[in-house]
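# Residue-level structure breakdown
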Protein chains: 2
Amino acid sequence: MSLTLYELAGADAELRFSPHCWKTRMALAHKGLAAERLPWRFSEKANIAFSGQGFVPVLVDDETVLSDSWRIATYLEDRYPDRPSLFGSAQGRSFARFCNSWADSTQVLPLRMILTYDIFTLVHENDRAYFRTSRETRFNRKLEEFGTETEKHVTDFRAGLAPARAVLSEQPFLCGEAPTYADYCLFGMFMWARCIKKIELLETDDPVHAWRERLLDLFDGLARKAPAMGADAAS
Amino acid sequence: MSLTLYELAGADAELRFSPHCWKTRMALAHKGLAAERLPWRFSEKANIAFSGQGFVPVLVDDETVLSDSWRIATYLEDRYPDRPSLFGSAQGRSFARFCNSWADSTQVLPLRMILTYDIFTLVHENDRAYFRTSRETRFNRKLEEFGTETEKHVTDFRAGLAPARAVLSEQPFLCGEAPTYADYCLFGMFMWARCIKKIELLETDDPVHAWRERLLDLFDGLARKAPAMGADAAS
């Protein structure tokens, strides 16, 4: 087995900030699988054209090429059934599928409003024109207009976490006593923010805050140690 | 065992429209438990004062008194472990807890905007003053201002269903091949709407639409047969 993961990187090749790439990175760690992690920039569509599309994560497992973080997760689960399960059960898999869509449809929007301008300042210079044009077209606003209502968007983000908060007020992880892919779907969102910006997304007495600390500690502090603009100097 | 369920009713005592009471009703049917179902109106707080609070559903199981639909669900699961499981597994229970909060925090708001004035027209005359005052105070708008932007709220409602749609495009029920309490949490919202008003909440090619049909058919058409202002005359 030879695994290669293409991850979105900033101007600093070690700054790997894509929420979806983080889902895959946590999934690989959960399975105890080591992958060569290659930095990829928005302007390098040609480098992943072999995957038949233009977005990361892209995972190559020997002859198998996969894109889309959810497809990668289900592939890893089915291909490596003897390693720790990402889902735990068919019901856990359903929950993870739900969480993945929930995080993408609920958490991405307020975080995008908060982070997009800062992302622009951190991408490779070759990516700047693409990033500006694609985002300004897609969202019909100037990059400089992002991040101007952060307080409101943090409030929206926190409100959107209600279902996770309800569960995490009763147990340490979304599926119970141990982390599963459902956790990584939400955690990817937090890693996106952590990589880009120092910002208090959560109040310290929020059960989601304690959960995030647990996720940062997993796999010998994999996520906590990752280069991130929002990492505390002390951690 | 002697089970009694207090359900919110309209002026027509058979119109039982509370989404939370529907969660409990489906849970009881899932467990194969028959309960005496008593109509309760907003103005009858005194009748459920023995439960220590003022909302339905209230379930009385011999000497045990329970309120809050989620607490009732977990009670039924733990008290009647030999009957069909409401959750299927610890992970299914986590998913249901998540779905319950998700439906309450995501689906209730647009439905409330759509339904509140119609609810007012259907409640018992003794409830009208309470309903108007409590809703107008809580939401800081006149009852007559609800239902005036239904198209927008239907759009919001459909968008909020994205996580359920993602799962239900791949499998018949939220947890897999069979219904669980996660389904009933969302289905309660649809029964709320169905009881109150004839309205097209879903497009017919939405996977959620086919799922709702499946839920209406469960338990010999329990929900489909229930008195409802939005029920098709033919069904």
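As a convention, each chain's residues are numbered from 1 in the sequence order in which they are written. Chains and ligands are labelled sequentially in the order written, the chains with letters from A and the ligands with numbers from 1. Local features are withheld for residues below a pLDDT of 70 in this predicted model, meaning they are given only at 70 or higher, and side-chain atom pairs are given and counted only at 80 or more; totals for whole chains, interfaces and linings count all residues. Computation of side-chain values covers all heavy atoms of the structure but excludes hydrogens and water.

## Side note on the overall build of chain A
For clarity, the cut-off: Every helix listed is a DSSP run of H or I at least four residues long, and every strand listed is a run of E at least two residues long, numbered separately from the N terminus. Throughout, radius of gyration means the C-alpha value; the globule benchmark is 2.2 Å times the number of residues raised to the power 0.38. Each residue is placed in one exposure class: buried if its accessible area under a 1.4 Å probe, protein chains only, is under 20% of its type's maximum, exposed if it is over 50%, and partly exposed if it falls in between. Note on areas: these come from Shrake-Rupley sampling with a 1.4 Å probe, and a residue is covered only by the protein chains present in the view. Note on charges: Lys and Arg go in the positive column, Asp and Glu in the negative column, and His and the chain ends are not counted at all. The location of each charge is read from NZ of Lys, CZ of Arg, CG of Asp or CD of Glu.
In terms of regular secondary structure, chain A is built from 8 helices and 4 strands. Listing each helix as α and each strand as β along chain A from the N terminus yields β-α-β-β-β-α-α-α-α-α-α-α. For chain A, the C-alpha radius of gyration of 17 Å lies close to 18 Å, the compact-globule estimate for 235 residues. Dimensions of chain A along its principal axes, counting C-alpha atoms only, are 45 × 45 × 35 Å. Across the 235 residues in chain A, those meeting the buried criterion constitute 57%. As displayed, chain A offers around 9,900 Å² of accessible surface, 49% of which is attributable to carbon and sulfur atoms. Averaging the locations of the 29 positively and 33 negatively charged side chains of chain A gives two centres separated by 3 Å.

## Concerning empty space enclosed by the protein
All names here are of chain A. Quick reminder of the rule: With a 1 Å grid laid over protein atoms only, a set of points is called a cavity when a 1.4 Å probe fits there but cannot get out and a pocket when it is open yet has protein on both sides within 12 Å along at least five of seven lines; lining residues have an atom within 4 Å of a point. Grid points are joined across faces, edges and corners, and a volume is the space filled by probe spheres set on the points. Three classes are used, and their members are as follows: Ala, Val, Leu, Ile, Met, Phe, Trp, Tyr, Cys and Pro are nonpolar, Asp, Glu, Lys and Arg are charged, and the others, Gly among them, are polar.
Here the structure, examined in full by the defined rule, presents 1 cavity of 30 Å³ or more. What lines the largest cavity is Met113, Arg141, Glu145, Phe146, Gly147, Thr148, Glu149, Thr150 and His153. Partitioned by chemical class, the residues of the lining of the largest cavity number 2 nonpolar, 4 polar and 3 charged.

## Details of helix H5 (residues 150–160) of chain A
Residues spaced three or four apart along an α-helix point in a common direction, a consequence of the helix completing one turn every 3.6 residues. All names here are of chain A. Let me state the cut-off plainly: The arc under discussion is defined with respect to the helix axis, by the directions toward the C-beta atoms.
Listing the buried residues of H5 in full gives Thr150, His153, Val154, Phe157 and Gly160. End-on view of H5: buried residues confined to an arc of 125 degrees, all on one side of the axis. What points out from H5, more than 90 degrees from its buried face, is the exposed set Glu151 and Ala159.

## A closer look at the packing of aromatic side chains
Worth spelling out the cut-off: Two rings belonging to Phe, Tyr or Trp (six-membered ring only in the last case) form a pair when the distance between their centres is within 6.5 Å. Interplanar angles under 30 degrees mark stacking, angles over 60 mark edge-to-face geometry, and anything in between is tilted. Placement of a charge over a ring requires the Lys NZ or Arg CZ to be within 6 Å of the ring centre, with the centre-to-atom vector within 35 degrees of the ring normal.
Scanning all chains against the criterion turns up 36 aromatic pairs over all chains. With centroids separated by 5.2 Å and ring planes inclined at 65 degrees, the aromatic side chains of Phe95 of chain A and Phe98 of chain B adopt a geometry described as edge-to-face. Pair noted here: Phe95 of chain A is in helix H3 (residues 90–122) and Phe98 of chain B is in helix H3 (residues 90–122), and the two residues belong to different chains. Both residues of the pair, Phe95 of chain A and Phe98 of chain B, belong to the buried class. Ring pairs connect the aromatic residues Trp40, Phe42, Tyr117, Phe120, Tyr130 and Phe131 of chain A, which therefore count as one cluster. In this structure, Lys45 of chain A is placed above the aromatic ring of Phe55 of chain A, and the distance from its NZ or CZ to the ring centre is 4.4 Å. Here Arg132 of chain B stacks its cationic end above the ring of Phe120 of chain B, 4.9 Å away from the centre of that ring.

## Quick look at the layout of surface pockets
If you add up the space inside the largest pocket, you get close to 730 Å³. Elements that contribute at least two residues to the lining of the largest pocket include exactly H3, H5 and helix H6 (162–168) of chain A together with H3 and helix H5 (150–160) of chain B. Partitioned by chemical class, the residues of the lining of the largest pocket number 14 nonpolar, 9 polar and 4 charged.

## Notes on the relation of the copies chain B and chain A
Two copies of one chain are present, and they are related through a rotation about an axis combined with an axial shift. Let me state the cut-off plainly: When the copies are superposed, the least-squares fit takes in the C-alpha atoms of residues with a pLDDT of at least 70 in both. Here, residues are in contact when the closest pair of their heavy atoms is within 4.5 Å.
The two copies are related by a screw motion: chain B maps onto chain A through a turn of 180 degrees and a shift of 0.0 Å along the axis, at an RMSD of 0.0 Å. Both copies of the chain, as the preceding transformation shows, are related through a two-fold rotation axis. By C-alpha distance to the rotation axis, the residue of chain B lying nearest is Phe95 of chain B, at 2.8 Å. Interface overlap between copies: 100% of the residues of chain B at the interface are likewise at the interface in chain A, consistent with a symmetric, same-surface contact.

## Quick look at the interface of chain B and chain A
Many authors give the size of an interface as the accessible area that is lost as the parts come together. Heads up, the condition is: Buried area adds together the accessible area that both of two parts lose upon being put together, with accessible area traced by a 1.4 Å probe. Definition used for salt bridges: Asp or Glu carboxyl oxygen within 4 Å of a side-chain nitrogen of Lys or Arg. Nitrogen and oxygen atoms within 3.5 Å of one another constitute a polar contact, given that in protein one can donate a hydrogen and the other can accept it, and given that sequence-neighbouring residues count only through two side-chain atoms.
If you look at the interface, chain B gives 26 residues, while chain A gives 26 residues. Both sides together, the interface formed by chain B and chain A hides about 1,900 Å², and carbon and sulfur atoms give 63% of it. Put simply, chain B and chain A have 2 salt bridges between them. The shortest N-O distance in the salt bridge between Glu170 of chain A and Arg97 of chain B comes to 3.2 Å. Inspection of the region where chain B meets chain A yields 12 residue pairs in polar contact (both at pLDDT 80 or more). Going through the elements one at a time, H3 and helix H6 (162–168) of chain B are the ones with two or more residues in the side of chain B that touches chain A. In terms of residues, the side of chain B that touches chain A owes the most to one element, H3 of chain B, which gives 11 residues.

## What about the side chain of His209 of chain A?
Among the secondary structure elements, His209 of chain A is positioned in helix H8 (residues 207–225). If we skip the residues at most four places from it in the chain, His209 of chain A touches Leu202, Glu203 and Thr204 of chain A.

## Digging into the sheet that holds strand S1 (residues 3–8) of chain B
Residue and element names in this part refer to chain B. Basically, it comes down to this: DSSP calls a pair of strands paired once it identifies at least 2 bridges connecting them. Each axis is a line fitted through C-alpha atoms, taken for helices only over the stretch in contact, and angles between the N-to-C directions span 0 to 180 degrees.
Taking strand neighbours across the sheet as the criterion, the 4 strands line up as S2-S1-S3-S4 in an open arrangement whose pairing is mixed. Each end of this open sheet is capped by a strand with a single partner; those strands are strand S2 (36–40) and strand S4 (64–67). Shown here is a sheet whose adjacent strand axes are inclined to one another by a mean of 20 degrees, direction ignored. Across 5 bridges, S1 lies against S2 in parallel orientation. Within S2, the residue paired with Leu5 across the bridge is Arg37. Against the sheet, helix H1 (residues 19–30) contacts S1, S2 and strand S3 (58–61), and its axis sits at roughly 150 degrees relative to S1. Contacts from helix H2 (residues 69–79) reach S3 and S4 within the one sheet, and its direction differs from that of S4 by about 140 degrees.

## Looking at unusual backbone geometry
A cis amide bond, omega 10 degrees, links Val56 of chain A with the succeeding residue Pro57 of chain A. Relative to the helices and strands, Pro57 of chain A resides in the loop between strand S2 (36–40) and strand S3 (58–61). Even without being glycine, Asn140 of chain A reaches a positive phi, approximately 55 degrees. Mapped onto the elements, Asn140 of chain A comes out in the loop between helix H4 (128–139) and H5. The exposed category is assigned to Asn140 of chain A, whose relative accessible area is 71%. Look at Asp68 of chain B: it is not a glycine, yet its phi comes out positive at around 75 degrees. Within the element layout of this structure, Asp68 of chain B appears in the loop between S4 and H2.

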